[in-house]
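Chain residues, written in single-letter form:
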Amino acid sequence: MRRRPPRSTLSSSSAASDVYKRQLHIRDSVNITMDNLQWQDAPMYHILYEDVLRSLIEYVRIEVNVTGQKAMIKANGHLGDNGIPTFPLNTDGFDMACQDCIVRHSHVENFDDSLCAKPLNGGSLMSFCTSELYFYNHTIHWGVGASVGSVPPNPKVNCIRNTIFDTVTFTTALKTIYVKPNPCPDPSKDGTGIMDNLLYTNIISNDPVTWPIWVSTQQQKQPGSGTDTGCSFLYPLPGTTCPTQPCVPVTRLTLRNVTMHGGVISPGLLRCDPRNPCKDFLFDNVKIQSDGFPWGSDSYLCQAIDNFQFTGDSYPSKCIYSWPNTTTTPPTTTPTTPVNP
């Protein structure tokens, strides 16, 4: 990746009065260009685009460190008596709800979504769907991956489609590929969502910390926070849950030329809802090497995916459909809840 020295560095002050301040939030805007900037230690989101039409971002560096986060939290009176620093979740790198946007030639070192497509819907001004979003040529350290979502259902149809992650190298990623629909407690009222035509290509992940690939309900079990999806960070270990949902199926997901090695966790979890299955998944030359905890290194844990194909030199190239009582035969399911497309 070609590097240029940043012209400016933007850092959250340890004396900031609002510890949940976003460093940059742009909304309802067109034709935005950003280049050669360095962002440091945002308490919550570094760059957030919300309903933007046409943008180019390039040569940006985003960095978060636990020590800096601890100092900022202490200065604002939010550090416990035990002095334990809060793990810096929500320090997202690029959160992009936009159409016709390119983010390229950048580096992110953080502890939540690094490159993230966020949804738009029929209530937006500039576009009704995040689309034609292209992330290209990035290096990521730590981070919770190249993410799509989360996408909760919405009566105005939350939407992400035609999104590409191309040429991204991860080092010790907390997650690498993370596609996350959110639950709909009442499908008749909650609305729907679209996650369609998503491409990950030319991806390298060295020593992933947890899941190489996660396509399922967002892991966020935080009772009392208002954001509890019911999906445990420890799923699928015994005694944990991760409910699927029928309102936001993932369709036309392609992984091509993806290589990951040095991980501990099994290759991936891809679970959709039998009432409205995901469909048209293609893994082409996807090679995942891991130690295989908890169910092994030779399969993905899958549920409710219609037309899942493995091509090229892919390994693993099969699914299991239950664990710990392993079966390689997908269950026969019949949709029980009508859901609008």
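Anything mentioned here points back to the structure above.
Reading the values: the criteria
Residues numbered from 1 in each chain as written. Predicted model: local features only at pLDDT ≥ 70, side-chain atom pairs only at ≥ 80, totals over all residues. Heavy atoms only, no water. 1 Å grid on protein atoms, 1.4 Å probe; cavity = no way out; pocket = protein on both sides within 12 Å on 5 of 7 lines; lining within 4 Å. Points joined across faces, edges and corners; volume = space filled by probe spheres on them. Disulfide = S-S within 2.5 Å. Helix = DSSP H or I, 4+ residues; strand = E, 2+ residues; numbered from the N terminus. Buried < 20%, exposed > 50% of the residue type's maximum accessible area, 1.4 Å probe, protein only. Pairing = 2+ DSSP bridges. Salt bridge = Lys/Arg side-chain N within 4 Å of Asp/Glu carboxyl O.

A. Up close: empty space enclosed by the protein. Applying the stated criterion to the full structure yields one cavity of 30 Å³ or more. Of the pockets and cavities examined, the largest cavity occupies roughly 70 Å³. Around the largest cavity, the lining comprises 14 residues; the ones closest to its centre are Pro181, Gln245, Val248, Arg271 and Cys272.

B. Layout of the state of the cysteines. Inspection of the entire model under this criterion finds five disulfides. Put simply, Cys129 and Cys159 are joined by a disulfide, and their sulfur atoms are 2.0 Å apart. With the S-S dihedral at roughly -60°, the linkage between Cys129 and Cys159 falls on the left-handed side. Of this pair, Cys129 sits in the loop between strand E5 (115–117) and strand E6 (131–142) while Cys159 sits in strand E8 (residues 158–171), and the two are 30 residues apart along the sequence. Here Cys272 is linked by a disulfide to Cys278, with a sulfur-sulfur distance of 2.0 Å. Across the S-S bond linking Cys272 and Cys278, the dihedral sits near -95°, which makes this disulfide left-handed. By relative accessible area, Cys278 is classed as buried at 2%. Disulfide connectivity for the protein chain, with bonded cysteines indexed by sequence position, reads 1-2, 3-6, 4-5, 7-8, 9-10.

C. Looking closely at the pairing of E6. Bridge analysis of strand E4 (residues 94–110) against E6 gives ten bridges, and the strand direction is parallel. Bridging from a neighbouring strand, Ser106 pairs with His138 of E6. Across eight bridges, the pairing between E6 and E8 is parallel. Paired with Thr139 across the two strands is Thr169, which belongs to E8.

D. Layout of the pattern of salt bridges. Counted by the stated rule, this structure contains ten salt bridges. Among the salt bridges present, the one from Arg104 reaches Glu58, with a minimum N-O distance of 2.9 Å. With Arg104 in strand E4 and Glu58 in strand E3 (residues 47–63), this residue pair connects regions lying 46 residues apart in the sequence. Across the pair Asp273 and Arg275 runs a salt bridge, and its minimum N-O distance is 2.8 Å. Among the ionic contacts, a cluster of salt bridges with common partners joins Arg27, Asp28 and Glu50.

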